[in-house]
Amino acid sequence: MVNNKNCIFCNTNFSENDKIEQKNLSSEQLLHKDFLKEVVNIATGSAAISLTSFFKESIVQNIPEIKFIQIEDAYDLIGNLEEEVMILSLDIKGDIRSTLLMIIDSNNIDFIIDKIFSNYVEDKNSLSVEEFEQMKVSVLSEIMNIVGNAYFDAISRFLGIKLKCDIVSMSYDMRAVIINQLISNLEEDFDELVYCKSEIIIEKNRKDNIENLSSSVKKELDCINFGELIIFHNYDVLKENIIEKFKDEYYD
Amino acid sequence: MTKKIVAIGKIETGKSGDELMCVGVGSCVAVAIYDSNAKIAGVIHVFLPTSKKEIKDTSKATRFADIGINCLIEKLQDLGAKKIFLKAKLAGGASLFSNENKVSTNQIGHRNIEMCLKVLKENKIPIVSKDVGGEKGRSVVFEVGSMDMKVKKNSKLKII
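This is a predicted model, so every value here is computed, not measured.

**A short note on the overall build of chain B**
Thinking step 1. Within chain B, the regular secondary structure consists of three helices and 10 strands.
Thinking step 2. Against the globule reference of 15 Å for 160 residues, chain B gives a C-alpha radius of gyration of 15 Å, in line with a compact fold.
Thinking step 3. For the C-alpha atoms alone, the extent of chain B along its principal axes is close to 50 × 40 × 25 Å.
Thinking step 4. Per-residue burial for chain B yields a buried fraction of 57% across its 160 residues.
Thinking step 5. Surface summary for chain B: the accessible area is close to 7200 Å², and the carbon and sulfur share equals 50%.

**So, the nonpolar core**
Thinking step 1. Formed by 55 residues in total, the largest nonpolar core has its most connected members in I143(A) and Y151(A).
Thinking step 2. Among the elements that line this core, the one with the most residues is helix α4 (residues 129–159) of chain A, at 10 residues.
Thinking step 3. Among all residues touching I143(A), those that are not within four sequence positions of it are L51(A), F54(A), M102(A), I112(A), I116(A) and F226(A).
Thinking step 4. Counting 50 residues, the second-largest nonpolar core is a separate cluster that includes V85(A), I8(B), A91(B) and I108(B).

**A look at the packing of aromatic side chains**
Residue and element names in this part refer to chain A.
Thinking step 1. Inspection of every chain in the model, using the stated rule, returns four aromatic pairs over all chains.
Thinking step 2. Each ring, one from F68 and one from Y235, has its centre 4.5 Å from the other, and the planes form 50°; the classification is tilted. With F68 in strand β2 (residues 65–69) and Y235 in helix α7 (residues 235–250), this pair connects stretches of sequence that are 167 residues apart.

**A word on unusual backbone geometry**
Excluding glycine, residues mostly have negative phi values, and the peptide bonds linking residues are mostly trans.
Residues and elements named next belong to chain B.
Thinking step 1. Unlike most non-glycine residues, K39 shows phi in positive territory, near 55°.
Thinking step 2. Structurally, K39 is set in the loop between β4 (29–35) and β5 (40–46).
Thinking step 3. On the basis of relative accessibility, which here comes to 38%, the residue K39 falls in the partly exposed class.
Thinking step 4. Phi is positive for M147, which is not a glycine, with a value near 60°.
Thinking step 5. Within the secondary structure, M147 is located in the loop between β8 (138–143) and β9 (148–153).
Thinking step 6. With a relative accessible area of 3%, M147 lands in the buried category.

**Examining the environment of M149(B)**
All names here are of chain B.
Thinking step 1. With respect to the helices, strands and loops of the structure, M149 is situated in strand β9.
Thinking step 2. Residues M149 and I160, 11 residues apart in the sequence, show an inter-C-alpha distance of 5.3 Å.
Thinking step 3. Residue contacts for M149: discarding those within four places in its chain leaves A30, A32, K89, L90, A91, V140, V141, F142, K158, I159 and I160.

**Observations concerning the sheet that holds β4(B)**
Residues and elements named next belong to chain B.
Thinking step 1. The strand order β2-β5-β4-β6-β7 describes an open sheet built from five strands, whose pairing is mixed. Each edge of the open sheet is held by one strand with a lone partner, namely β2 (11–15) and β7 (127–132). The sheet shows a mean angle of 15° between the axes of neighbouring strands, direction not considered.
Thinking step 2. Across five bridges, strand β6 (residues 86–92) lies against β7 in parallel orientation. Bridge assignment links K89 to a residue of β7, and that residue is S129.
Thinking step 3. Contacting β2, β4, β5 and β6, helix α2 (residues 65–78) crosses the sheet at an angle of about 160° to β5.

**Section: the pattern of salt bridges**
Thinking step 1. Per the stated rule, a full pass over the model turns up 13 salt bridges over all chains.
Thinking step 2. One salt bridge connects K158(B) with D131(B), and the closest N-O pair in it is separated by 3.1 Å. Taken together, the positions of K158(B) in strand β10 (residues 156–159) and D131(B) in strand β7 put the pair 27 residues apart, joining distant regions of the chain.
Thinking step 3. For D131(B), a relative accessible area of 7% translates into the label buried.
Thinking step 4. Linked through salt bridges whose partners overlap, the residues forming this network are E83(A), R175(A), K197(A), E199(A) and E228(A).

**Details of the pairing of β2(A)**
Residues and elements named next belong to chain A.
Thinking step 1. Across the five residues of β2, four count as buried, placing the element largely inside the fold.
Thinking step 2. As judged from the five bridges shared by β2 and strand β6 (residues 193–203), these two strands associate in the antiparallel manner. Of the residues in β6, the one forming a bridge with K67 is Y195.

**Quick word on helix α3 (residues 108–122) of chain B**
Residues and elements named next belong to chain B.
Thinking step 1. With 15 residues, α3 ought to run about 21 Å at 1.5 Å a step, and its terminal C-alpha atoms sit 21 Å apart, in line with that.
Thinking step 2. When α3 is considered as a whole, its buried residues turn out to be I108, G109, N112, I113, M115, C116, V119 and L120. Summarising the axial view, the buried residues of α3 lie within an arc of 170°, below the 170-degree limit, and thus occupy one face. Set apart from the buried face of α3 by more than 90 degrees, the exposed residues are K121 and E122.

**Some words on the interface of chain B and chain A**
Thinking step 1. With 32 residues of chain B at the interface, the matching set in chain A holds 32 residues.
Thinking step 2. A buried area of about 2800 Å², summed over both sides, lies between chain B and chain A, and 51% of it is on carbon and sulfur atoms.
Thinking step 3. Where chain B touches chain A, the interface holds one salt bridge.
Thinking step 4. Its salt-bridge partner being E82(A), residue K152(B) comes within 3.1 Å of it at the nearest N-O pair.
Thinking step 5. The interface formed by chain B and chain A contains four residue pairs in polar contact (both at pLDDT 80 or more).
Thinking step 6. If you list the elements that add at least two residues to the side of chain B that touches chain A, you get β3 (19–25), α3 and β8 of chain B.
Thinking step 7. Per element, the largest residue contribution to the side of chain B that touches chain A is three residues, and it comes from β3(B).
Thinking step 8. Its residues assigned to classes, the side of chain B that touches chain A comprises 11 nonpolar, 10 polar and 11 charged.

**Some details on the side chain of S46(A)**
All names here are of chain A.
Thinking step 1. By the secondary structure assignment, S46 is in helix α2 (residues 27–51).
Thinking step 2. The class for S46 is buried, based on a relative accessible area of 19%.
Thinking step 3. When near neighbours in sequence (up to four residues on either side) are disregarded, S46 contacts A150, Y151 and A154.

Reading guide: rules and limits
- Residues numbered from 1 in each chain as written.
- Chains lettered and ligands numbered in written order.
- Predicted model: local features only at pLDDT ≥ 70, side-chain atom pairs only at ≥ 80, totals over all residues.
- Heavy atoms only, no water.
- Helix = DSSP H or I, 4+ residues; strand = E, 2+ residues; numbered from the N terminus.
- Rg over C-alpha atoms; globule rule 2.2 N^0.38 Å.
- Buried < 20%, exposed > 50% of the residue type's maximum accessible area, 1.4 Å probe, protein only.
- Areas by Shrake-Rupley, 256 points an atom, 1.4 Å probe, with all protein chains shown as cover.
- Core = buried A, V, L, I, M, F, W, Y, C linked by side-chain atoms within 4.5 Å.
- Contact = heavy atoms within 4.5 Å.
- Phe/Tyr/Trp six-rings, centres within 6.5 Å; stacked < 30°, edge-to-face > 60°.
- Pairing = 2+ DSSP bridges.
- Axes fitted to C-alpha atoms, helices over the stretch in contact; angles between N-to-C directions.
- Salt bridge = Lys/Arg side-chain N within 4 Å of Asp/Glu carboxyl O.
- Expected span 1.5 Å × (residues − 1).
- Arc of directions from axis to C-beta.
- Buried area = accessible area lost by both parts, 1.4 Å probe.
- Polar contact = N/O pair within 3.5 Å; in protein donor to acceptor, adjacent residues only side chain to side chain.
- Nonpolar A, V, L, I, M, F, W, Y, C, P; charged D, E, K, R; others polar.

Below you can see the structure in the form of structure tokens.
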């Protein structure tokens, strides 16, 4: 039975949750979802670790969200469609072709920039507005470069596939254009999409022995959502080129 | 009056008083085609210029500018519009992402616009107005009846 299959890396049976989220999935899709969840989990972990050199705070990640969707449902996934957010984009080519987007809430941009500037810029008040904006763009590009490369490097090593990252692009725009951009970048016909979303979270006032704290105390910790990492894939292409080749190897 | 959301890669049609909305038109193009006499209009939200292979599933044809616009024209004719009276307005086709070298990484917006203009020209449908290109996404509302296209970009509203 597919539902009894556990991931050999973390021994997690993700299928139980999947039954709640998307009840119409076939047993094959449930297995594929487990596989993808593990891959995205490893990639996001690698991306989160790459950020630790920038921030003194603890960086954590959530459990990735994987959904098989029709294109018409894509807008239901991304929240307030007209909310303006910072969107950082990194294309990859190689054995798979895709785009990773990192979405940063506009309220959090200043916190992130301040944190980095306080570590690396001696006197940020000496910068002109223009210089500050230029540095902001540069810093955000660099963050995406580091996060994206760590993300795909982990996938590349985990699956033994070749991936080549392109240069980082950015846009400050409505959330709805995220869907637009990711789907257009696929540049191909598709039936079903795989939506992969994970989040990187900064705990602003981390206590050293956080593992020993009760869950209620943990909730009170001042957390900030650093960014959402979102990828869309053509399910058929992913299934044919990647998942089927690896599922026997990675599952009991 | 009915408000209809035109999902990405889909067509919606309406009669006088209806509003046809496309939210988050980035590199996609929202093409409105209307017959002012019959008070009928339709909007297509295309996201790719051409289909690379033959599309057997007609519900997918509306994703592509090259075949999707023809589907919209046929649909309007089925509803009673006369092709000779059809006119068009369009918005979208932005190049959303740029890098530090100011080079657009994706020309899909531009290619979408070009294909929409080409298909409309082939069908001899005059383009009354358009708001295309640029680097920002848009939200588009087409009011059937007045045949106004409201385009929201950078939090500013423009009627074309």
